[in-house]
Amino acid sequence: LLLCGCRKELCYDHDMHGLNVRVFVQPEWECVWERDHGMNWDDNWAEERFGCGYEDLCPDPATGIAAFVYDEDGSRTERHLSAEGGELPMSEGRKSILLHNDDTRFIVFSDMNSWASASATTRTRTRSTYSETHGDERTVNAPDMLYGEWIERYEAKPTEEPVTLPAKLQPLVYTYLIRYEFAQGLEHVALARGALSGMAESVYLQDGRTGDETATVLFEGELKEFGVEARVASFGAPGYTPDAPMQRSDNRYGLNLEVILGNGKLKSFEFDVTEQVAAQPRGGVITVAGLAVTDDEAGGDAGFEVEVDGWGPYEDIELPLD
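Residues numbered from 1 in each chain as written. Predicted model: local features only at pLDDT ≥ 70, side-chain atom pairs only at ≥ 80, totals over all residues. Heavy atoms only, no water.

Notes on the overall build of the chain
Broken down by element type, the chain carries 6 helices and 19 strands. Within the chain, buried positions represent 46% of all 322 residues. Taking all contacts inside the chain whose residues are at least 6 apart in sequence as the whole, residues at least 24 apart take part in 73%. (Helix = DSSP H or I, 4+ residues; strand = E, 2+ residues; numbered from the N terminus. Buried < 20%, exposed > 50% of the residue type's maximum accessible area, 1.4 Å probe, protein only. Contact = heavy atoms within 4.5 Å.)

As for unusual backbone geometry
The backbone phi angle of Asn40 is positive, close to 55°, even though this residue is not glycine. Tracing the sequence through the fold places Asn40 in the loop between β1 (23–29) and α2 (41–44). Take Asn40: its relative accessible area is 32%, and that puts it in the partly exposed class. With a phi angle near 55°, Asp111 is a residue other than glycine that sits in the positive phi range. Mapping Asp111 onto the fold places it in the loop between β6 (107–110) and β7 (119–122).

A short note on the pairing of strand β10 (residues 163–171)
Bridge analysis of β1 against β10 gives 7 bridges, and the strand direction is parallel. Bridge pairing links Gln26 to Pro166 in β10. As paired elements, strand β9 (residues 147–156) and β10 share 2 bridges and run antiparallel to each other. Its bridge partner lying in β10, Gly148 is registered against Gln170. In this structure, the hairpin formed by β9 and β10 is closed by a connection of 6 residues. (Pairing = 2+ DSSP bridges.)

A look at empty space enclosed by the protein
Enumeration over the complete set of coordinates arrives at 1 cavity of 30 Å³ or more. Of the voids in this model, the largest cavity is the one considered here, and its volume is about 40 Å³. Thr121, Thr122, Arg138, Val140, Asn141, Pro143, Ala200, Glu201, Ala215, Val217, Ser234 and Phe235 are the residues that line the largest cavity. The set of elements that each furnish at least two residues to the lining of the largest cavity consists of β7, β8 (138–141) and β14 (214–220). Per-element tally for the lining of the largest cavity: the top contributor is β8, with 3 residues. The class makeup of the residues in the lining of the largest cavity is 6 nonpolar, 4 polar and 2 charged. (1 Å grid on protein atoms, 1.4 Å probe; cavity = no way out; pocket = protein on both sides within 12 Å on 5 of 7 lines; lining within 4 Å. Points joined across faces, edges and corners; volume = space filled by probe spheres on them. Nonpolar A, V, L, I, M, F, W, Y, C, P; charged D, E, K, R; others polar.)

Notes on the sheet that holds strand β13 (residues 203–204)
Strand order across the open sheet formed by 3 strands is β6-β7-β13, with antiparallel pairing between neighbours. In this open sheet, the two strands that pair with only one neighbour each are β6 and β13. Pairing of β7 with β13 involves 2 bridges; the strand directions are antiparallel. Across the sheet, the residue bridging to Ser119 is Tyr204, located in β13.

Details of the packing of aromatic side chains
Two aromatic rings are characterised by how far apart their centres lie and by the angle between their planes. Summed over the entire model, instances satisfying the criterion amount to 10 aromatic pairs. Judged by centre distance (5.9 Å) and plane angle (80°), the rings of Trp41 and Phe50 are edge-to-face. For Phe50, a relative accessible area of 4% gives the class buried. Following the ring pairs from residue to residue traces out a cluster consisting of Trp33, Trp41, Trp45, Phe50 and Tyr54. When the ring centre of Phe226 is taken as origin, the NZ or CZ atom of Arg179, which lies over that ring, is 3.9 Å away. Across from the ring centre of Tyr204, 4.0 Å away, lies the NZ or CZ of Arg209, which sits over that ring. (Phe/Tyr/Trp six-rings, centres within 6.5 Å; stacked < 30°, edge-to-face > 60°. Lys NZ or Arg CZ within 6 Å of the ring centre and 35° of its normal.)

Some points on the pairing of strand β5 (residues 93–101)
The buried fraction of β5 is high, at 8 of 9 residues. In this structure, strand β2 (residues 64–71) lies alongside β5, joined through 7 bridges in antiparallel fashion. Residue pairing for β5: Phe68 is matched across the bridge by Leu98. Both β5 and β9 contribute to a ladder of 7 bridges, which runs antiparallel. Directly across from Gly93, in β9, lies its bridge partner Ala156.

Laid out in structure tokens, this is it:
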């Protein structure tokens, strides 16, 4: 009996004290909302103008991590870790590791079996008033905050002590602070919503480059003293590769604003913001000015009750009629 007890205890201790592959992911979250491409917003931020501090636009760290370990034979394993990291099981040998946060709602992941083609896009969203006049691009929800890290080569070896694997998860989604500045008639505006067209439809997780396909991001606006403001998440400009020299493209970017007036009427504004987005391919500030609603446009006997949600559903759904 004593011999059996000793043998059992040695078996329990074998995994803990023997040579095994034990890798602990130690994440670092880079919580930035834009990349500087010459605008120097970080140094030149005017808090009194924008009504918030530069740091106020920074995203929070995620709440969890999805980890994909790719083997040389083409197979892969998937594990989920906490935001603080943890042990990532893997076999011995050469690996490639892809990490991203797993707490998204609107992100759609594709081709995760291959690290080279693994990508993320966002869900389709419809708006009848916009689609009737802008039918060229798929209209989508703004993506959730997405972080990613790619470790191209990691040699997993058995060791007596756990090995720490540092991982810096960087943003794959950035924020545009959009400001519609009114010169006249803001008092007639009851509700507002907008659209930013020409933006990247997808991003590749392996290197953060954006796909060439474009989409229109739909969003809601918030009434401010100067007009309307929105904080819009996006993958950024299409066909963009991080750390590569910026090249001028033929991409065009459009900005739309729809407002419901107090009399229930809908008014739409259109702007070409190509120069502003091209100079800020991954987040920044977009401003359009001189918007106006005349007294004639705001006149009439009709009334719009904001509290009753006369704006309608944000996602228009066609219902079949019998």
